[in-house]
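Coordinates in review
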Amino acid sequence: MLCFNFTTPKFNRNPYSFSMDLIKERFKQKADEVGAEIKQMLKEHGNKVIGEVTLAQIYQGMRGMTGLVTETSLLDANEGIRFRGYSIPELKEKLPKAPGGDEPLPEALFHLLLLGELSSQEEADLITATLQRRSHVPNYVFDTIEALPVSSHPMTMFVVGIMALQNGSHFAKSYAAGMSKKDYWDATFDDSLDLISRLPRIAAYIYRRKYRNGEHIEPNGLLDWAGNFAHMMGYESEGFKELMRLYMTIHADHEGGNVSAHTTHLVGSALSDPFLSFSAGMNGLAGPLHGLANQEVIKWIFEMREALGVDLPSKDQIAEYVKKTLSEGKVVPGYGHAVLRKTDPRFTAQMEFGKKHMPDDALVQTVWRIYETVPDILNGLGKVKNPWPNVDAHSGALLVHYGMVEYEFYTVLFGVSRALGVLASLCWDRALAMPLERPKSVTTNLVKDWLQGKDNIWGE
Ligand code: CMX
């Protein structure tokens, strides 16, 4: 448990910087402990074999191939995600909340991901205040976004905004000035905090530029990170703020192998600074098989409702439409997963939110009917390994309920949240001095030679 003593003379700064200094110190202490354990573990067990790699795996997206260490979360195929050992229902209960709110504060999740410890309310509030304090976005970042056509996809604007921020990277500046390896983690930590503080401002700017005639809303320094994000986008209801707190918490991390997390880690392994690494991860999130699926889901539901001419299609109508989608050689967005083999608990958490706040909403009910219909159909195809819904199957309908109908923006929301997980992981990568990632690849000709029994084919 962290302890904050504002009168300690060691830190003659404002209390918020003081608290982050303590969190930073605690992080470094933990990372040093874990680093020493790993060193010893590798000395004793470094040659132990973890699994085998099949030919199918190297051709088929490395499914199930353990090849990474990510400290912040772990995904079980049947149970779903655990953040530092805590399931989503446990986090909903244990993480601090905003005043009067029921949903967890994402900044408290960040504390957990970073330190592996639940935060007190006071600690969460101090992180909120720190993020507020660091949230200034220089004008040239907005100017850079403005240089793009307003028709650009919001994810393109988001990545461009992140890249414009890179000019302020502590890591890049310190590296250029000859920073020692032992200080990499420190500059990564500062860049990560700056990014997390500023992303909501950039995202809200993009939203208001593209969908609200460029009428921007100043931040409210009294609100929590997600609440302020909702406010800057122009959503003032407590319901939407609560949704943003839940949304930002459950989308934050999904262990290390998913495209956005793995890309951030991979690019970071070249010592690209957190801005370069995170923006690379966001380019991966913008793919329709990953984060863009959230826009695809609601687009698909809107198209279905329009084609059928009803607000709440029956299960039979949904089944017909699903079959049509499949017959056109398309996937059913929001269903399936590379690792999960059951309903995603992130879907369930959103379903519970829907039942509590908007049980009679026709679009939300449509999502539930799709859930009752699609798994059987996908199962019937005989090839889909996971017929159950993932996180993206539900999120759009909740957003539409509060008036956010601009579904092209949805992946940006996912991206703001994902920063919490992948940047906490990047801090760990640097603190544990993770090396350049560089797996071996082969050619099909080499594989064919190997199958014909040629010796010494892998260059051993
Ligand atoms: N609809 C139709 N077909 C599907 C399907 C779906 N929802 N999910 C999987 N399949 C198909 C695959 O396309 C594949 O078909 P082919 O053999 O013809 O190529 C077959 O079933 C086997 O695929 P799989 O092993 O079950 O799934 P993968 O691990 O290869 O892919 C995923 C996982 C998520 C890309 C896939 O399920 C999919 O495309 N889902 C729809 C898109 C989606 O919702 N993505 C979001 C995932 C969560 C996130 O990252 O945000």
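Source: prediction; values computed, not measured.

Core analysis: the biggest nonpolar cluster contains 114 residues, and F158, M233, M244, M404 and L413 have the highest contact counts within it. Among the elements that line this core, the one with the most residues is helix α19 (residues 410-431), at 14 residues.

Attention now goes to the pairing of strand β2 (residues 80-83). In this structure, strand β1 (residues 73-76) lies alongside β2, joined through four bridges in antiparallel fashion. The residue of β2 that forms the bridge with D76 is G80.

Close contacts around the ligand come from 20 residues, with H290, G334, Y335, K383 and D392 the closest. G334 places a main-chain nitrogen or oxygen 2.8 Å from an oxygen atom of the ligand. For the ligand, whose unbound accessible area comes to 890 Å², protein coverage reaches 75%. Here the shell around the ligand is composed, by residue class, of eleven nonpolar, five polar and four charged.

With that settled, consider the pattern of salt bridges. By the definition in use, this model includes 26 salt bridges. Salt-bridge contacts for E90 lead to R82; the nearest nitrogen and oxygen are separated by 3.2 Å. A relative accessible area of 27% places E90 in the partly exposed class. For the salt bridge of E146 with R209, the shortest nitrogen-to-oxygen distance reads 3.2 Å. Remark: R209 occurs in helix α9 (residues 184-211) and E146 occurs in helix α6 (residues 139-146); sequence separation between them is 63 residues. Relative accessible area serves as the criterion here: at 35%, E146 is assigned to the partly exposed category. Sharing partners across several salt bridges, the network here consists of K24, R134, D186, D190, D194 and R198.

Once that is clear, we can look at the packing of helix α7 (residues 154-165) against α19. At a closest axis distance of 8 Å, the pairing of α7 and α19 adopts a crossing angle of 35 degrees. For the pair α7 and α19, the crossing hand works out as right-handed. Contact residues: P154, M155 and F158 in α7; T411, V412, G415 and V416 in α19. Counted by class, the contact of α7 with α19 contains five nonpolar, two polar and no charged residues.

The subject of this paragraph is α19. For α19, built from 22 residues, the straight-helix expectation of 32 Å at 1.5 Å per residue is met to within 8% by its first-to-last C-alpha distance of 32 Å. Where α19 bends most, at R418, the angle is about 35 degrees. Where burial is concerned, most of α19 is hidden: 22 out of the 22 residues are buried. Directly after α19, the chain includes A433, whose backbone phi takes a positive value near 50 degrees.

Before going further, it helps to spend a moment on α6. For α6, the complete set of buried residues consists of V141, F142 and I145. Around the axis of α6, the buried residues are gathered within 95 degrees of arc, so they sit on the same side. Seen from the buried face of α6, the exposed residues on the opposite side, beyond 90 degrees, are N139 and D143. On its buried face, α6 is in contact with α7 and α9.

Another aspect to go through is the packing of aromatic side chains. The description of an aromatic ring pair rests on the distance of the ring centres and on the angle between the ring planes. This structure, assessed with the given rule, holds 17 aromatic pairs. Taking the centre distance of 5.6 Å and the plane angle of 55 degrees together, the rings of F171 and Y184 count as tilted. Here F171 is found in helix α8 (residues 170-176), whereas its partner Y184 is found in helix α9, with 13 residues between them in sequence. A centroid spacing of 6.5 Å and a plane angle of 75 degrees characterise the contact between Y371 and W388, whose relative ring orientation is edge-to-face. Of this pair, Y371 sits in helix α17 (residues 362-381) while W388 sits in the loop between α17 and α18 (392-401), and the two are 17 residues apart along the sequence. On the basis of relative accessibility, which here comes to 22%, the residue Y371 falls in the partly exposed class. The exposure class of W388 is partly exposed, given its relative accessible area of 28%. Among the aromatic residues, ring-to-ring pairing joins Y207, Y211, Y235, F240, Y402 and F409 into one connected group. Geometry around W368 places K355 over its ring, the cationic atom sitting 5.7 Å from the centre.

Cut-offs applied
Residues numbered from 1 in each chain as written. Predicted model: local features only at pLDDT ≥ 70, side-chain atom pairs only at ≥ 80, totals over all residues. Heavy atoms only, no water. Core = buried A, V, L, I, M, F, W, Y, C linked by side-chain atoms within 4.5 Å. Buried < 20%, exposed > 50% of the residue type's maximum accessible area, 1.4 Å probe, protein only. Helix = DSSP H or I, 4+ residues; strand = E, 2+ residues; numbered from the N terminus. Pairing = 2+ DSSP bridges. Near = heavy atom within 4 Å. Polar contact = N/O pair within 3.5 Å; in protein donor to acceptor, adjacent residues only side chain to side chain. Areas by Shrake-Rupley, 256 points an atom, 1.4 Å probe, with all protein chains shown as cover. Nonpolar A, V, L, I, M, F, W, Y, C, P; charged D, E, K, R; others polar. Salt bridge = Lys/Arg side-chain N within 4 Å of Asp/Glu carboxyl O. Axes fitted to C-alpha atoms, helices over the stretch in contact; angles between N-to-C directions. Left-handed = near helix turned anticlockwise from the far one by under 90°. Contact = heavy atoms within 4.5 Å. Expected span 1.5 Å × (residues − 1). Bend = angle between axes of the 7 residues up to and from the residue. Arc of directions from axis to C-beta. Phe/Tyr/Trp six-rings, centres within 6.5 Å; stacked < 30°, edge-to-face > 60°. Lys NZ or Arg CZ within 6 Å of the ring centre and 35° of its normal.

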